[in-house]
Amino acid sequence: MGSVLKKKFVSKIIKKRKPDLLFIQETKLENVDLRMVQKIWGNTNVEFAVSNSIGASGGILILWDFEVFKASNITVHKSYIILEGMLYGDFQCVLVNIYAPNGEVQRKELWDELLQIKASSQLPWCVGGDLNEIIEIDERVGCTNVNRGMREFKDFINNMELMDIPMQGRKFTWTNFQDLAIHSRLDRFLLSQSFIDRFKLVQWGLPRPISDHNPIMIADDCRDWGPKPFRFMDIWLTNPNCLKVAKEAWESCQVYGWAGFVIVQKLRAVKNRLKQWNKEDFGNVFTGLESCQETIYKLDLVAEDRQLH
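Q: Just to check I follow, could you spell out the overall build of the chain for this structure?
A: What the chain contains, in helices and strands, is eight helices and 14 strands. Taken over 309 residues, the chain has a buried fraction of 42%. If you take every contact in the chain between residues at least 6 apart in sequence, the share linking residues at least 24 apart comes to 59%. Looking at the chain as shown, the accessible area adds up to about 17,800 Å², and 53% of this sits on carbon and sulfur atoms.

So this is what it looks like as structure tokens:
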């Protein structure tokens with residue numbers, strides 16, 4: 001998130017997926033303030049907890065809709081952020097965003113520390129983030145043996161009484177972006193049984209446009225995602241007819257009433273005309289972008305099973 005491009009990417013995910021909470025690892029941000037968070041989130045209905053990076057190394061951030069989650073206690077560490085609070089008004093729980101160290105010894109120290117913290121908690125836990133370790137050999141391309149780090153990670157999950165729900169959409173969440181590609185499932189959510197009993201949760205691996213890690217999402221499978229918002233594309237402005245089409249739609253919309261009503265109706269007319277123009281005359285930009293993203297996503301999935309040539 002240290003670059004403008006990555007901040008825009010996170011904002012796009014928020015606009016498209018409308019999460020109630022967002023876990024971010026390796027922010028590479030030494031300072032995070034409310035103004036930055038509100039800009040990324042898209043509105044002021046947000047609270048956050050941050051573990052700042054050391055230079056361009058590390059950094060963890062959690063954003064949440066304060067009408068959905070009410071935090072009562074926050075613990076910040078260089079490798080994790082722990083939130084305790086009330087979710088959806090009646091579900092008291094603990095949420096943990098982890099950015100685990102690369103070193104096996106340091107990871108084991110982290111697992112032991114979290115186990116000690118959980119020992120004093122009777123609440124259900126949701127642990128998510130970049131765990132930097134796999135559970136099974138089929139979670140890493142070319143892995144043939146179970147090593148000590150894998151055994152310690154599996155023991156950590158069992159001792160924490162957490163469950164690893166299956167991931168839909170893809171096998172792996174990280175790649176090294178090299179000619180001899182390595183793919184691993186380093187990112188995941190781990191849940192207490194109470195979360196699974198309360199919510200019909202599905203875990204998804206999402207497309208990866210700019211990072212070496214795929215975003216992952218857990219969502220209630222019965223959730224109503226609502227209507228898709230209208231998007232104005234900057235590329236439309238490269239066509240000299242764009243402003244002409246918008247102006248004609250505005251002026252041809254004849255409605256009467258109080259000023260606010262008139263403006264809303266005129267804007268609706270402009271929106272509908274631009275959508276029609278985009279499809280019929282300009283060429284459907286949305287379809288083109290989605291087609292490109294779909295192609296990249298398919299190639300990414302193919303690369304999980306074999307080298308691309």
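Continuing now.
Q: Honestly, the pattern of salt bridges in this entry has me stumped. Any pointers?
A: Proximity of charged atoms lets side chains of opposite charge pair with each other. Considering all chains together, one arrives at ten salt bridges under this definition. With its nearest N and O atoms 2.8 Å apart, the salt bridge here joins Arg-148 to Glu-104. Linking Arg-148 in helix α4 (residues 148-159) with Glu-104 in helix α3 (residues 104-119), this pair joins segments that are 44 residues apart in sequence. Arg-148 gets classed as partly exposed once you look at its relative accessible area, which sits at 43%. The partly exposed category is assigned to Glu-104, whose relative accessible area is 26%. Linking Arg-188 and Glu-139 is a salt bridge whose minimum nitrogen-to-oxygen distance equals 2.7 Å. In this pair, Arg-188 sits in strand β12 (residues 187-191) while Glu-139 sits in the loop between β7 (125-130) and α4, placing the two residues 49 residues apart along the sequence. Look at Glu-139 and you get buried, because its relative accessible area is 8%.

Q: Would you mind going over α3 with me for this structure?
A: One turn of the α-helix equals 3.6 residues, which is why residues spaced by three or four share an orientation. Between its first and last C-alpha, α3 extends 23 Å over 16 residues, near the 22 Å set by a 1.5 Å rise per residue. Of all the positions in α3, only Arg-107, Leu-110, Trp-111, Leu-114 and Lys-118 are classed as buried. Taken end-on, α3 shows its buried residues confined to a sector of 100 degrees, consistent with a single buried face. Pointing more than 90 degrees away from the buried face of α3 are the exposed residues Gln-116 and Ala-119. Where α3 is buried, its residues touch β5 (80-87), β6 (91-99), β7 and α4.

Q: Teacher, can you tell me more about the sheet that holds β12 here?
A: The strands that make up a sheet pair up through hydrogen bonds in the backbone, lying either parallel or antiparallel. Spatially, β4-β5-β6-β7-β12-β8 is the arrangement adopted by the six strands of the open sheet, whose pairing is mixed. Edge positions in the open sheet fall to β4 (69-76) and β8 (163-164), since each of these has one partner strand only. Both β7 and β12 contribute to a ladder of five bridges, which runs antiparallel. Counterpart to Cys-126 in the pairing with β12 is Leu-191.

Q: Please clarify how unusual backbone geometry should be interpreted in this entry.
A: With glycine set apart, most residues show a phi of negative sign, and most peptide bonds adopt trans. Even without a glycine there, the phi angle at Glu-26 is positive, about 55 degrees. Mapped onto the elements, Glu-26 comes out in the loop between β1 (21-25) and α2 (34-41). Look at Glu-26 and you get partly exposed, because its relative accessible area is 30%. Phi at Lys-28 takes a positive value of approximately 60 degrees, unusual for a residue other than glycine. Relative to the assigned elements, Lys-28 resides in the loop between β1 and α2.

Definitions and limits used
Residues numbered from 1 in each chain as written. Predicted model: local features only at pLDDT ≥ 70, side-chain atom pairs only at ≥ 80, totals over all residues. Heavy atoms only, no water. Helix = DSSP H or I, 4+ residues; strand = E, 2+ residues; numbered from the N terminus. Buried < 20%, exposed > 50% of the residue type's maximum accessible area, 1.4 Å probe, protein only. Contact = heavy atoms within 4.5 Å. Areas by Shrake-Rupley, 256 points an atom, 1.4 Å probe, with all protein chains shown as cover. Salt bridge = Lys/Arg side-chain N within 4 Å of Asp/Glu carboxyl O. Expected span 1.5 Å × (residues − 1). Arc of directions from axis to C-beta. Pairing = 2+ DSSP bridges.

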